[in-house]
Amino acid sequence: MPLKYSLQHDRSLLTFNGGLTIFQAAERKPELLHILARSQGTLALDLSGVDEIDTAGVQLLLLLRREAAAQQRAVDVIAYSPPVLAVFDLLQLHSLFFAAPPGPAAQEEA
């Protein structure tokens, strides 16, 4: 899973591509925590390139959110793929990661 990191104004942007599954989660955990430690402001996640996600991937995102909260920082998903949205729908994680409710799927539930 290629990971791209960049700074944008008052936030740090992490762009994920490929899978976010048990096969990548353990490998990416130290890298993500290192990026969190050296970044500033809100951590924005672009998950639009994630083609597969499982509970290990979700746990990694929750860990990232928890560690950011300990630093009084936010983690926001700014873009997502259909697999990510499906898992967030299933696990009802919208309020934890989205600053605003995601597109039509969230509106249909309301």
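Given the structure is predicted, the values throughout are model-derived calculations rather than measurements.

Formed by 28 residues in total, the largest nonpolar core has its most connected members in Leu-14, Phe-16, Leu-45, Leu-47, Ile-53, Leu-61 and Phe-88. Contributions of two or more residues to this core are made by strand E2 (11-20), helix H1 (22-38), strand E3 (42-53), helix H2 (55-70), strand E4 (75-80) and helix H3 (82-91). Here this core takes 7 residues from H2, the largest share from any one element. In contact with Leu-45, not counting residues within four places along its chain, are Leu-14, Phe-16, Leu-61, Leu-64, Val-75, Asp-76, Val-77, Ile-78 and Ala-79.

Bringing the sheet that holds E2 into the picture now. Spatial strand order, E1-E2-E3-E4: 4 strands in an open sheet with mixed pairing. Both outer strands of the open sheet, strand E1 (3-8) and E4, are each paired with one neighbouring strand and no more. Averaged over all pairs of adjacent strands, the angle between their axes in this sheet comes to 25°, without regard to strand direction. Its contacts with the sheet place H2 against E2, E3 and E4, and it is angled at close to 175° to E3. In the packing of H3 onto the sheet, the strands contacted are E3 and E4, and the crossing angle to E3 comes to about 105°.

Let's shift gears to the pattern of salt bridges. One pass over the full model with this rule turns up 3 salt bridges. In this structure, Glu-67 engages Arg-66 in a salt bridge whose closest nitrogen and oxygen atoms are separated by 3.2 Å. You can call Glu-67 partly exposed: its relative accessible area is 28%. We classify Arg-66 as exposed; its relative accessible area is 51%. A single network of salt bridges, built from pairs that share partners, joins Glu-27, Arg-28 and Glu-31.

Let us now look at H1. Taking 1.5 Å of rise per residue, the 17 residues of H1 would be expected to cover 24 Å, and the 25 Å separating its terminal C-alpha atoms lies within 8% of that figure. At Arg-28, H1 shows its largest bend, some 45°, and a proline, Pro-30, comes one to four positions later. Buried residues in H1 make contact with E1, E2, E3 and H2.

What counts and how
- Residues numbered from 1 in each chain as written.
- Predicted model: local features only at pLDDT ≥ 70, side-chain atom pairs only at ≥ 80, totals over all residues.
- Heavy atoms only, no water.
- Core = buried A, V, L, I, M, F, W, Y, C linked by side-chain atoms within 4.5 Å.
- Buried < 20%, exposed > 50% of the residue type's maximum accessible area, 1.4 Å probe, protein only.
- Helix = DSSP H or I, 4+ residues; strand = E, 2+ residues; numbered from the N terminus.
- Contact = heavy atoms within 4.5 Å.
- Pairing = 2+ DSSP bridges.
- Axes fitted to C-alpha atoms, helices over the stretch in contact; angles between N-to-C directions.
- Salt bridge = Lys/Arg side-chain N within 4 Å of Asp/Glu carboxyl O.
- Expected span 1.5 Å × (residues − 1).
- Bend = angle between axes of the 7 residues up to and from the residue.

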